[in-house]
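For reference, the chains in residue letters:
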Amino acid sequence: MSSMRLLLATDHYPPFIGGAHRQARLLAAGMADRGHRVEVATPWQAGLPSREHEGDVVVHRLRELRTALPGLARGEEQRHHPPYPDPVTIRGLRRVIRDLQPDLIHAYGWLAFSVAAAVGRHRIPLLVSARDYGYFCPARTLLQDGVAPCSGPGPGKCLRCASLYYGPAKGWATVAGVAISRRLLARRMNGLHSVSAYVGEVTREFTLGPEADRLGVDVVIPSFQDVSAGQGSSDPRTEECLAMLPEVPFMLFVGAFRKAKGLETLFEAYRRLESPPPLALIGTHQHDAPDHIPDDVVTILDAPHEAVLAAWDRALFGVMPSLWPEPLGSTVTEAMSRGKAVIGSRLGGHADLLDEDSGLTVPPGDVGALTAAMRELIADPERREALGAAAARRARGFTAPVVIPRFEQAYRDLIAAVRAAEG
């Protein structure tokens, strides 16, 4: 088959840590390995080059209006694209598009709003990835007031939630930006990729509406793992992180330290257990982290990915009891790939990963149900091992060799659909 010129535009990209960051890099590298020309556009970050090569992939870091001038923004904190088309970013995207002449653009996150504006009248197929709820939810979590599942966007409740999450001024601007920009995106995008059936359902309903009927491609493709991750790595932080873990088998949570991840529910359930094994948390600290983490809980921040995988090998099982409807849950697939049973949340993308043979799910925020599930896996090693073995088998469907060809086919299908529509 002929090679394609692909532009991947993403809010999130390494060296910052996160599941979406890793997915973007893995997809770009995977498509380049399959013979395609791949370039990545992502927000500019202080201290990083504006353009660099990562193997065969070219990475462009594009400035925004608020970082347009050198010295205007400093510090190593990750910067995010605003929830509206940014004029400086649009200009940078148009330059990249002019030079690359892509056959297809694949966009994720709020950067997709600028991509939709930058493409303009060019008939370049635009595939948009829904990896969270940011195209219609200003807080990106689909949680009302940060604690309960939301039934969908509405001016009053969105303003209330966004003000709680960002503060009043930024909250108002975010609500307005998302409300206006999602209409632009719905008109311009040609295809939708969702990481789970749940994400696809709510994105079609609350972002696309009637526009969903004209999509050339509407596909669910899960996030995936790199089965070679961590092999031969020499990150000096790895051994440091592993030395912090309990010496005896432990329960493990991996993810952002956020209230939406159900950490407060986890702490209360852990408190109710009698003489439990240790509980360890590995992740990144966020501005909406729980106010207090119990002293007897081991916490490890910003661990290298190979340290996370090694921690899974030493864990009893995983506990990821999110309050928000997880779009999918890449940390769950990581645990599964290491043969570990997982307790997940019944709402959202965890349902695509965990069935009755490969894990346990509990209602979001249900401390009693979570406590019972933890007790079951602690007390029944045979059940725990059987779930872990089934999880490992199921996880083979979430690996790069299986998933990347599905993206490649989706790209080809969308290009063909757009060309057919043009006559």
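Above this note sits the structure.
Residues numbered from 1 in each chain as written. Predicted model: local features only at pLDDT ≥ 70, side-chain atom pairs only at ≥ 80, totals over all residues. Heavy atoms only, no water.

Participant: Before we go on, may I ask you to explain the overall build of the chain in this structure?
Facilitator: Within the chain one finds 14 helices and 16 strands. What you see for the chain is a C-alpha radius of gyration of 21 Å, in line with the 22 Å of a compact globule of 423 residues. When the backbone C-alpha atoms are referred to their principal axes, the chain occupies close to 65 × 50 × 45 Å. For the chain, the residues scored as buried account for 57% of the 423 residues in total. In the chain, once contacts between residues fewer than 6 apart in sequence are set aside, the share between residues at least 24 apart is 70%. (Helix = DSSP H or I, 4+ residues; strand = E, 2+ residues; numbered from the N terminus. Rg over C-alpha atoms; globule rule 2.2 N^0.38 Å. Buried < 20%, exposed > 50% of the residue type's maximum accessible area, 1.4 Å probe, protein only. Contact = heavy atoms within 4.5 Å.)

Participant: Help me understand the sheet that holds strand 1 (residues 5–10) in this model?
Facilitator: Sheet strands pair by backbone hydrogen bonding; their relative direction is either parallel or antiparallel. Taken together, 8 strands build an open sheet; the order of strands is 3-4-2-1-5-6-9-10 and the sheet is mixed. Where the open sheet ends on each side, the last strands, each with one partner, are strand 3 (51–54) and strand 10 (217–220). The mean angle between the axes of side-by-side strands here comes to 20 degrees, regardless of whether they run parallel or antiparallel. As judged from the 5 bridges shared by strand 1 and strand 2 (residues 37–43), these two strands associate in the parallel manner. When the bridges of strand 2 are listed, Arg5 appears paired with Arg37. Relative to strand 1, helix 1 (residues 19–33) is tilted by about 175 degrees, and along the sheet it contacts strand 1, strand 2, strand 3, strand 4 (57–62) and strand 5 (104–108). (Pairing = 2+ DSSP bridges. Axes fitted to C-alpha atoms, helices over the stretch in contact; angles between N-to-C directions.)

Participant: Could you clarify how one ought to interpret the sheet that holds strand 16 (residues 360–362) in this entry?
Facilitator: Taken together, the 6 strands give an open sheet; going across it, the order is 13-12-11-14-15-16, and neighbouring strands pair in parallel fashion. Taken across any chain shown, the strands that pair with only one partner, and hence form the sheet edges, are strand 13 (298–301) and strand 16. Here the strands of the sheet are splayed against their neighbours by 25 degrees on average, with no regard to which way each runs. For strand 12 (residues 279–283) and strand 13, the ladder comprises 4 bridges, and the chain directions are parallel. Its bridge partner being in strand 13, Ile282 is matched across the sheet by Ile300.

Participant: How should the layout of surface pockets be read in this particular structure?
Facilitator: Rolled over the atoms, a probe sized like a water molecule indicates the empty space that remains. Empty space within the second largest pocket amounts to approximately 320 Å³. Taken together, 16 residues line the second largest pocket, and the ones lying closest to its centre are Asp145, Gly146, Tyr165, Lys259 and Asp288. In terms of residue count, the dominant contributor to the lining of the second largest pocket is helix 4 (residues 155–166) (3 residues). (1 Å grid on protein atoms, 1.4 Å probe; cavity = no way out; pocket = protein on both sides within 12 Å on 5 of 7 lines; lining within 4 Å. Points joined across faces, edges and corners; volume = space filled by probe spheres on them.)

Participant: In this structure, what is going on with the pairing of strand 15 (residues 342–345)? I would like to understand it.
Facilitator: For a regular strand, the rule is simple: side chains alternate between the two faces of the sheet. In the sheet, strand 14 (residues 315–319) pairs with strand 15 via 2 bridges, with the strands oriented parallel. Residue pairing for strand 15: Val319 is matched across the bridge by Ile343. Crossover connection from strand 14 via helix 10 (residues 330–337) to parallel strand 15: handedness right-handed. Strand direction decides the pairing type here: strand 15 and strand 16, joined by 3 bridges, are parallel. Bridge pairing in strand 16 links Ser345 to Val362. (Right-handed = clockwise from strand over helix to strand, strands pointing away.)

Participant: Looking at this structure, how should I read the packing of aromatic side chains?
Facilitator: For any pair of aromatic rings, geometry is given as the distance between the ring centres together with the angle between the planes. Evaluated as defined, the whole model comprises 7 aromatic pairs. Ring geometry for Phe136 versus Phe206: centroids 5.3 Å apart, planes at 50 degrees, classification tilted. In this pair, Phe136 sits in the loop between strand 6 (126–130) and strand 7 (143–144) while Phe206 sits in helix 6 (residues 197–208), placing the two residues 70 residues apart along the sequence. Here the aromatic residues Tyr133, Phe136, Tyr198, Phe206 and Trp324 are joined through ring pairs into a cluster of three or more. Across the ring face of Trp44, the terminal group of Arg63 is positioned such that the distance to the ring centre comes to 3.9 Å. Lying over the aromatic face of Trp110, Arg140 brings its terminal NZ or CZ to 4.4 Å of the ring centre. (Phe/Tyr/Trp six-rings, centres within 6.5 Å; stacked < 30°, edge-to-face > 60°. Lys NZ or Arg CZ within 6 Å of the ring centre and 35° of its normal.)

Participant: What is the right way to read the pattern of salt bridges from this model?
Facilitator: Any two side chains of opposite charge can pair, on the condition that their charged atoms come close. Counting across every chain of the model gives 22 salt bridges. Note that Asp145 and Arg160 form a salt bridge whose closest N and O atoms lie 2.9 Å from each other. Of this pair, Asp145 sits in the loop between strand 7 and strand 8 (148–149) while Arg160 sits in helix 4, placing them 15 residues apart in sequence. According to the relative accessible area criterion, Asp145 is partly exposed, its value standing at 34%. For Arg160, a relative accessible area of 39% corresponds to the partly exposed category. Ionic pairing is found between Arg214 and Glu211, a salt bridge with its closest N-O pair at 2.6 Å. Relative accessible area serves as the criterion here: at 35%, Arg214 is assigned to the partly exposed category. What you see here is one network of salt bridges that share partners, running through Asp11, Asp132 and Arg140. (Salt bridge = Lys/Arg side-chain N within 4 Å of Asp/Glu carboxyl O.)

Participant: I'm lost on unusual backbone geometry in this one. Help?
Facilitator: Most peptide bonds take the trans form, and the phi angle of most residues other than glycine is negative. For the peptide bond that leads from Pro14 to Pro15, omega is 20 degrees, which places it in the cis range. When you line up the elements, Pro15 lands in the loop between strand 1 and helix 1. In this structure, Leu142 takes a positive phi of about 55 degrees despite not being glycine. Mapping Leu142 onto the fold places it in the loop between strand 6 and strand 7. Phi is positive for Ser275, which is not a glycine, with a value near 45 degrees.

The analysis is restricted to geometry; functional conclusions fall outside its scope.
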